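# Working through the structure, step by step
Residue-level listing of the chains:
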Amino acid sequence: MFRKIFRALRLDPSLYLQVSNDRAATVQAVGILVLVAISLALSGIAEWASDKSSAAVLAYSFLNIFSYWVILSLLGFLPGRYLVKREITFGTMLRVIAFANAPRIFYMLLVFGPFMALLVNSVIMLWLIACLLMAFHQTLRVSFLATFPMTVAGVFIAENVRLYLYYFFLG
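Structure report, in brief. None of these values were measured; they are calculated from a predicted model.

Summing up its helical and strand segments, the protein chain has seven helices and zero strands in all. Seen in sequence order, the protein chain has helices and strands lined up from the N terminus as α-α-α-α-α-α-α. Computed over the C-alpha atoms, the radius of gyration of the protein chain is 16 Å, within 12% of the 16 Å expected from 2.2 N^0.38 for a compact globule of 171 residues. Structurally, the protein chain occupies a C-alpha span of about 50 × 30 × 30 Å along its principal axes. Across the protein chain, every contact between residues at least 6 apart in sequence was considered, and the portion connecting residues at least 24 apart equals 72%. Only carbon and sulfur atoms are counted for the fraction: they give 72% of the accessible area of the protein chain, which is about 8500 Å². One way to put it: in the protein chain the 13 positive side-chain charges average out to a point 10 Å from where the 6 negative ones average out.

Right under this line is the structure:
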């Protein structure tokens, strides 16, 4: 699993084709999301939400990561299946998008103060977008230009859901 995470971090195009066809990679995909959620929760408990309940931060972290995952997977699956007419399943998109979330493992670096948190969060977001572009490009077999609006829309919607979850759980 860790080799695949490193390949995802390096934007290896063949990884996304490999995991899209490997149903056994579903467990690894969920494992990546659990690592990302734990990383976000640890940084929240230590820094940005230290005044909140640890249980609330943990719940927020898991809901944030998993809602992001499902939203981006839907926004890849629906156009891919019905507009581009690719023979993909929702499970395929779930696996691919989970691996594209690998840069979010570095959320644990958000504990190094506000300036460093801004820098780390910006790098993670740009890296995530690059991984998502590669994942959509390789899985749907369309140009990067075609995947860009879908990626930006997905990140925008998922970020708004994240903000809603934040205010609901950590208000």
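Taking 1.5 Å per residue as the helical rise, helix α7 (residues 144-170) with its 27 residues ought to reach 39 Å, and the 37 Å between its terminal C-alpha atoms agrees with that figure. Burial in α7 covers these residues: T147, M150, T151, G154, V155, A158, E159, L165 and L170. Looking one or two residues past α7, G171 carries a phi angle of roughly 20°, positive in sign.

Glycine aside, the phi torsion of most residues is negative, and most peptide linkages are trans. Look at L11: it is not a glycine, yet its phi comes out positive at around 60°. Summarising the element assignment, L11 is placed in the loop between α1 (2-9) and α2 (13-20). Residue class for L11 comes out partly exposed when judged on its relative accessible area of 27%.

Another aspect to go through is the packing of α1 against α2. Geometry of a packed helix pair, given as the angle between the helix axes and the separation of the axes. Put simply, α1 and α2 touch, their axes get as near as 8 Å, and they point 130° apart. By the criterion of interaxial angle, the relationship of α1 to α2 is oblique. Considering the relative orientation of α1 and α2, their crossing is left-handed. Along the contact surface, α1 presents K4, R7 and A8, while α2 presents S14, L15, Y16, Q18 and V19. Of the residues assigned to the contact of α1 with α2, the class counts are four nonpolar, two polar and two charged.

Scanning all chains against the criterion turns up three salt bridges. The salt bridge partner of K4 is D22, with a shortest N-O separation of 3.7 Å. Note that K4 is positioned in helix α1 and D22 in the loop between α2 and α3 (25-48), a separation of 18 residues in sequence. For R7, the salt bridge identified is with D12, shortest N-O distance 2.8 Å. Since its relative accessible area comes to 17%, D12 is described here as buried.

Thresholds, definitions, all that
- Residues numbered from 1 in each chain as written.
- Predicted model: local features only at pLDDT ≥ 70, side-chain atom pairs only at ≥ 80, totals over all residues.
- Heavy atoms only, no water.
- Helix = DSSP H or I, 4+ residues; strand = E, 2+ residues; numbered from the N terminus.
- Rg over C-alpha atoms; globule rule 2.2 N^0.38 Å.
- Contact = heavy atoms within 4.5 Å.
- Areas by Shrake-Rupley, 256 points an atom, 1.4 Å probe, with all protein chains shown as cover.
- Lys, Arg positive; Asp, Glu negative; His and termini not counted.
- Charge placed at Lys NZ, Arg CZ, Asp CG, Glu CD.
- Expected span 1.5 Å × (residues − 1).
- Buried < 20%, exposed > 50% of the residue type's maximum accessible area, 1.4 Å probe, protein only.
- Axes fitted to C-alpha atoms, helices over the stretch in contact; angles between N-to-C directions.
- Parallel < 35°, antiparallel > 145°, perpendicular 65-115°, else oblique.
- Left-handed = near helix turned anticlockwise from the far one by under 90°.
- Nonpolar A, V, L, I, M, F, W, Y, C, P; charged D, E, K, R; others polar.
- Salt bridge = Lys/Arg side-chain N within 4 Å of Asp/Glu carboxyl O.

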